[in-house]
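# Structural description and commentary
Listed below are the residues making up each chain.
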Amino acid sequence: MKLSLICTLAGLMCTSSNADQVLNAFGEPSYGVDVSFPVHYGNILAKDDPNQPLGDRQALYDDYMKGCHDFYGKRASSCDVTEEDRWDMSLRQPQSVQNYTATGFKKVRAPERVFELLSNHWTNNQDNKEKEVWPTGNTYVNYWTSPTYMVNVEDSKLRGAGYNLKGKIWEGVKPILEEWTGMELEPSSMYGVREYTRGAILAPHADRMPLISSCIINVAQDVEEDWPLEVFGRDGLAYNVTMQPGDMVLYESHSLIHGRPFPLKGNYFANIFIHFRPTGKLLRERETPVLTDAGDDEMPIWILRGSPEERKWMREHGKKVVESPAAAPLDEVPQAAQTGNMNLLSYYATSDKKHLLHKKDVNGWQPIHEASRGGHKEVVELLVQYGADINSRTGKYSDGYSPLSLVIQNHGEDHPLVEYLRSLGAQEFDEEL
Ligand SMILES: *[C@@H]1O[C@H](CO)[C@@H](O)[C@H](O)[C@H]1NC(C)=O
Ligand SMILES: *[C@@H]1O[C@H](CO)[C@@H](O)[C@H](O)[C@H]1NC(C)=O
């Protein structure tokens, strides 16, 4: 409606399909996956489909794949194998992992000191950049027509580079990502400044774990047009995030599908990816571990119990998957209550999905029970503030535990939640057997 009115006023030709165009939270006309590039199953919305606003994307994709096939000749099928793996990951991974933020991405400015270090590193060493060699059949970037280059941050042959520089970059951005995710983080990966060249495309994907809580910094560019980073938000819609030098995009790289499907119009775009993973401690509880660190033999904390990713992890680690109804993945809100994820809960509390804060699962557990079992006082306070019943009981017939009894059982009488709940008149109820 709104758009067709604008079209009329501006005297533009708008097709009737525009009238139903969906707007994303930036207020821009948007679309879901498989419109700009294949994300889930390898198909793209056809150019004559009224919901395809981007024209003939199939032709662009066919050309992209032909580039890979021609480049690898006899080994062309390796390109198709990578593509299938990319779609599979995009489908499986986001639903299988713990998200730590409500939106999944956010643009800020990089800390000035970090940007300065990176720009200097780039200017000093640009002439010694190395052409990147990608694994056979890799389809994430079209390096066969638009090569990428790397100016490594730890290569001590380069001026000013080395572990010292790398350490300063890690430390410079870490607090920002910790603040954003609410989790204590540790480094997982950073190479250096990657330069993309004219025509470059980065296929939309979710990062391989443990690249979890990440950021991209635009270090330098020479472009005729902004080169948008396309991400699919929590609403499933596409967002173009544009970046100027010094801009930093924070993103949950293990769950947020991100790419640059529109060919780079410009000579180069140089950026760095910096990836962290959560240690398992909440930021505000640095001193008291709330989740145990996963050893090599234990599934990492960011994989959701009962998810397809769990089954994959179990298979790969030679463990038997026990399929039971109890292994059903927790919904996001109870999961957040269980792990003390205040960011996400505060988001729900102020959204039109508030009711989920009190939703019972099939066993009669509400988020307040999860939070009490987890011993998360801040979460319980928030839930109470938004109307949680402190004496509600678990169980199909509400004949199970009350929040107070869950705290006492799991954390003892001295836990601060005990005093808090008692001050509100909470009672101890145990399961009636
Ligand atoms: C993103 O940018 C491309 C290229 O400029 C444009 O065609 C597309 O409509 C934009 N998408 C959104 C969601 O704004
Ligand atoms: C995590 O976020 C991604 C996108 O941002 C979303 O697709 C996915 O469903 C979320 N995961 C869960 C378990 O809610």
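Let me sum up the structure you'll find in this document. As the structure is a prediction and not an experimental result, all values here were calculated from the model.

Analysis parameters
Residues numbered from 1 in each chain as written. Chains lettered and ligands numbered in written order. Predicted model: local features only at pLDDT ≥ 70, side-chain atom pairs only at ≥ 80, totals over all residues. Heavy atoms only, no water. Buried < 20%, exposed > 50% of the residue type's maximum accessible area, 1.4 Å probe, protein only. Helix = DSSP H or I, 4+ residues; strand = E, 2+ residues; numbered from the N terminus. Pairing = 2+ DSSP bridges. Near = heavy atom within 4 Å. Polar contact = N/O pair within 3.5 Å; in protein donor to acceptor, adjacent residues only side chain to side chain. Areas by Shrake-Rupley, 256 points an atom, 1.4 Å probe, with all protein chains shown as cover. Nonpolar A, V, L, I, M, F, W, Y, C, P; charged D, E, K, R; others polar. Salt bridge = Lys/Arg side-chain N within 4 Å of Asp/Glu carboxyl O. Axes fitted to C-alpha atoms, helices over the stretch in contact; angles between N-to-C directions. Parallel < 35°, antiparallel > 145°, perpendicular 65-115°, else oblique. Contact = heavy atoms within 4.5 Å. Disulfide = S-S within 2.5 Å.

## What to know about the pairing of strand E10 (residues 229-232)
- Both faces of E10 are covered, namely the face carrying Leu 229 and Val 231 and the face carrying Glu 230 and Phe 232.
- Between E10 and strand E11 (residues 238-241), which follow one another and run antiparallel, lie 5 residues, and Gly 236 among them has a positive phi close to 80 degrees.

## Overview of the site of ligand 1
- Taken together, Glu 28, Pro 29, Ser 30, Tyr 31, Leu 54, Ala 238, Asn 240 and Phe 262 form the complete shell of residues around ligand 1.
- Contact between ligand 1 and Tyr 31: a nitrogen atom at 2.8 Å from a side-chain N or O atom of the residue.
- In this structure, Asn 240 approaches ligand 1 through a side-chain N or O atom, which is 2.3 Å from an oxygen atom.
- About the coverage of ligand 1: the protein hides 67% of its 360 Å² of free accessible area.
- Secondary structure elements with two or more residues in the shell around ligand 1: strand E2 (29-30) and E11.
- Split into classes, the residues belonging to the shell around ligand 1 amount to 5 nonpolar, 2 polar and 1 charged.

## Describing the pattern of salt bridges
- Summed over the entire model, instances satisfying the criterion amount to 23 salt bridges.
- Residue Lys 265 pairs with Glu 225 through a salt bridge whose shortest N-O separation is 3.5 Å. Taken together, the residues Lys 265 in the loop between strand E13 (258-260) and strand E14 (266-282) and Glu 225 in the loop between strand E9 (213-223) and E10 connect sequence positions 40 residues apart.
- When the shortest N-O distance is used, the salt bridge between Lys 312 and Glu 309 registers 4.0 Å. Remark: Glu 309 and Lys 312 occur in helix H6 (residues 308-316); sequence separation between them is 3 residues, near one turn of the helix.
- Here the salt bridges share partners, and the residues they tie into one network are Asp 88, Arg 92, Glu 309, Lys 312 and Glu 316.

## What to know about the packing of helix H8 (residues 342-349) against helix H10 (residues 377-385)
- Across the interface, H8 lies against H10 with an axial gap of 11 Å and an inter-helix angle of 5 degrees. Classed by the angle they form, the pair H8 and H10 counts as roughly parallel. Here H8 contributes Met 342, Leu 345 and Ser 346 to the contact with H10, which in turn contributes Glu 378, Val 379 and Leu 382.
- Split into classes, the residues belonging to the contact of H8 with H10 amount to 4 nonpolar, 1 polar and 1 charged.

## Concerning the sheet that holds strand E8 (residues 202-205)
- Taking strand neighbours across the sheet as the criterion, the 4 strands line up as E8-E13-E10-E11 in an open arrangement whose pairing is antiparallel. Strand pairing shows two members of the sheet lacking a second neighbour, E8 and E11, which therefore form its edges. The average angle at which neighbouring strand axes cross in this sheet is 25 degrees, direction not considered.
- Bridging between E8 and E13 involves 2 bridges; their strand directions are antiparallel. Counterpart to Leu 202 in the pairing with E13 is Arg 260.

## Some remarks on the environment of Tyr 420
- Examined against the element boundaries, Tyr 420 turns out to sit in helix H12 (residues 416-423).
- Along the backbone, Tyr 420 and Lys 377 are 43 residues apart, and their C-alpha atoms lie at a distance of 8.4 Å.
- Filtering out sequence-adjacent residues up to four positions away, Tyr 420 remains in contact with Lys 377, Val 380, Glu 381 and Val 384.

## Concerning the state of the cysteines
- What the rule picks out here adds up to 1 disulfide.
- Bridging Cys 68 to Cys 79, the disulfide has an S-S length of 2.2 Å. Taking the sign of the torsion about the S-S bond as the criterion, the disulfide between Cys 68 and Cys 79, at about -90 degrees, is left-handed. One end of the pair, Cys 68, is in helix H2 (residues 57-72); the other, Cys 79, is in helix H3 (residues 77-96), and 11 residues separate them in sequence.
- Given a relative accessible area of 0%, Cys 68 falls into the buried group.
- Assessed through its relative accessible area of 0%, Cys 79 is described here as buried.

## Comments concerning the side chain of Asn 138
- When you line up the elements, Asn 138 lands in the loop between strand E4 (130-131) and strand E5 (149-152).
- The exposure class of Asn 138 is buried, given its relative accessible area of 12%.
- Here the side chain of Asn 138 touches Tyr 140 through a polar contact of 2.7 Å, landing on its backbone nitrogen.
- Apart from the residues within four sequence positions on either side, Asn 138 is in contact with Cys 68, Tyr 72, Thr 82, Tyr 143 and Trp 144.

Just geometry here; none of it tells us what the structure is for.
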